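# Commentary on secondary and tertiary structure
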Amino acid sequence: MEFVKIFDTTLRDGEQVPGCKLNVQTKLKIAAQLDELGVDVLEAGFPISSPGDFKSVTEISKLIKNSVVCALSRAVAKDIEVAAEALKHAKRPRIHTGIGTSDNHIKYKFNATREQILERAIKAVSYAKTFVEDVEFYAEDAGRTDNDFLAEICEKVIAVGATVLNIPDTTGYCLPEEYGAKIKYLKENIKNIDKAILSCHCHNDLGLATANSIAGVQNGARQIECTMNGIGERAGNTSLEEVVMILRQHPYLRLDTRINSKMLYQTSRLVSNEMGMPVQPNKAIVGMNAFAHSSGIHQDGVIKKRDTYEIINPKDVGVTDSAIVLTARSGRAALAFRAKKIGYEFDKLELDRVYDQFLIWADRKKEIKDEDIPAIVRESIVLIKN
């Protein structure tokens with residue numbers, strides 16, 4: 001079994017969502033939770049971007065005991081210096097520096113040549129290395145970067161000390177087979193790749209961030225950059241909870257993470273509440289409906305044997321139990337199950353009569369709650385007497 005490192009960027013890339021700006025104390029609360037969750041790397045912020053971000057990275061560096069604390073910078077000397085200063089209290093500091101490498105970025109963003117970009121990348125990594133041992137290089141828009149040039153720039157930055165190579169699908173454009181093939185190409189064509197870790201950083205513009213990250217680790221990457229609840233710019237980033245549980249539920253991949261999955265749900269709720277970003281009900285793993293069943297056929301199956309319709313035990317992600325939701329689509333088994341939990345047990349004839357009355361209620365209401373059941377039972381008894 002090999003372990004894939006989880007690089008959490010909730011407090012950096014995740015916070016770039018409009019309306020999600022956090023104060024220092026809130027960032028410290030989330031950072032402490034992520035450290036306890038077991039993330040390998042915690043990207044604390046972009047220190048040069050604002051005094052608030054600098055202070056957040058500084059205070060998080062003092063707080064975190066287990067995770068590597070990472071600070072972002074551009075391939076600019078001042079950025080790197082400020083990042084190093086913010087990280088000076090970290091037990092395990094990492095500077096994350098880089099530059100755009102696609103022809104699109106080189107021409108329109110930097111008005112430069114490939115040779116100039118290569119030179120800037122080497123200088124940035126070399127300079128960052130004078131402050132910390134652990135330097136991660138990001139090749140922005142790697143998803144649309146020519147593979148030969150990408151391999152060349154990666155090889156050159158490893159030679160001057162890069163320990164991790166971040167291969168971002170910045171625009172979320174790649175298909176899983178394309179992204180996986182890119183990682184495989186780099187793994188096979190960078191001569192000194194044994195000295196660095198390949199990292200996936202995928203965006204969700206086409207809903208493929210998780211699939212691309214998994215394709216990346218299947219082809220040799222050993223770090224995934226992700227956020228809780230998949231928050232992030234535009235359509236968001238790879239969801240931490242999704243990649244963690246995919247790897248854990250597919251043991252034949254022989255890959256896992258060191259995340260304490262039983263803390264996923266509570267961490268998701270903390271991030272959602274503090275950032276003011278609701279989790280969609282049908283969100284995989286941590287959504288309100290992820291372990292909820294309202295179809296009669298599904299409810300009957302889950303009641304008889306949970307894994308009939310659930311591939312994950314809800315307790316494994318910190319959810320108390322599966323939810324049997326009573327609606328007009330529910331069957332007798334679900335009604336009997338929920339009624340028994342609040343003290344009612346019926347024989348077959350009684351259940352048939354109560355169920356008939358239940359359906360009348362269920363057609364009027366969106367969902368039948370536990371507090372509705374006694375009234376349904378009383379009405380059933382009245383009807384029987386009459």
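Treat the numbers as computed from the prediction; the structure is a model and nothing was measured. (Residues numbered from 1 in each chain as written. Predicted model: local features only at pLDDT ≥ 70, side-chain atom pairs only at ≥ 80, totals over all residues. Heavy atoms only, no water.)

Moving on to the sheet that holds strand β2 (residues 5-8). If you walk around this closed barrel you meet the 8 strands as β2-β3-β4-β5-β6-β7-β8-β9, and the pairing is parallel. Geometrically, the sheet is characterised by an average inter-axis angle of 25 degrees between neighbouring strands, direction not taken into account. Where strand β8 (residues 197-202) and strand β9 (residues 223-226) come together, 3 bridges link them in parallel fashion. Directly across from H201, in β9, lies its bridge partner E225. (Pairing = 2+ DSSP bridges. Helix = DSSP H or I, 4+ residues; strand = E, 2+ residues; numbered from the N terminus. Axes fitted to C-alpha atoms, helices over the stretch in contact; angles between N-to-C directions.)

Here we take up the nonpolar core. Nonpolar side chains in soluble globular proteins tend to end up buried together. Core analysis: the biggest nonpolar cluster contains 89 residues, and L165 and I167 have the highest contact counts within it. Here this core takes 7 residues from helix α6 (residues 147-159), the largest share from any one element. In contact with L165, other than residues within four places in its own chain, are F137, C154, V157, I158, I190, I193, A196, I197, L198 and S199. Counting residues in hydrophobic clusters, the runner-up holds 17 residues, among them A339, F358, I373 and I376. (Core = buried A, V, L, I, M, F, W, Y, C linked by side-chain atoms within 4.5 Å. Buried < 20%, exposed > 50% of the residue type's maximum accessible area, 1.4 Å probe, protein only. Contact = heavy atoms within 4.5 Å.)

Spanning 12 residues, helix α10 (residues 264-275) covers 16 Å between terminal C-alpha atoms, matching the ideal 16 Å at 1.5 Å per step. Those residues of α10 that sit buried are L264, T267, S268, L270, V271, S272 and M275. The secondary structure elements touched by the buried residues of α10 are α1 (24-37) and α9 (240-249). Taken from the residues just after α10, G276 is the one with a positive phi, measuring 65 degrees. (Expected span 1.5 Å × (residues − 1).)

Here we take up the packing of helix α8 (residues 209-218) against α9. Helix packing geometry: the angle between the two helix axes and the distance between the axes. At their nearest, the axes of α8 and α9 sit 10 Å apart, and the two run at 45 degrees to each other. As judged from the angle between their axes, α8 and α9 are oblique. Judged by the sense of rotation from one axis to the other, the crossing of α8 with α9 is right-handed. In this structure, α8 contributes T210, S213, I214 and V217 to the contact, and α9 contributes E242, V243, I246 and L247. Residue classes in the contact of α8 with α9 are distributed as 5 nonpolar, 2 polar and 1 charged. (Parallel < 35°, antiparallel > 145°, perpendicular 65-115°, else oblique. Left-handed = near helix turned anticlockwise from the far one by under 90°. Nonpolar A, V, L, I, M, F, W, Y, C, P; charged D, E, K, R; others polar.)

Time to look at the pattern of salt bridges. Per the stated rule, a full pass over the model turns up 28 salt bridges. One salt bridge connects E43 with R12, and the closest N-O pair in it is separated by 3.1 Å. Of the two residues, E43 is situated in strand β3 (residues 41-45) and R12 in the loop between β2 and α1; the sequence distance between them amounts to 31 residues. Like R12, E43 is buried. (Salt bridge = Lys/Arg side-chain N within 4 Å of Asp/Glu carboxyl O.)

Bringing the side chain of T210 into the picture now. Its place among the elements puts T210 in helix α8. For T210, a relative accessible area of 13% corresponds to the buried category. A polar side-chain atom of T210 sits 2.6 Å from a polar atom in the side chain of E242. Each residue touching T210, except ones within four places of it in the same chain, is listed here: T238, S239, E242, V243 and I246. (Polar contact = N/O pair within 3.5 Å; in protein donor to acceptor, adjacent residues only side chain to side chain.)

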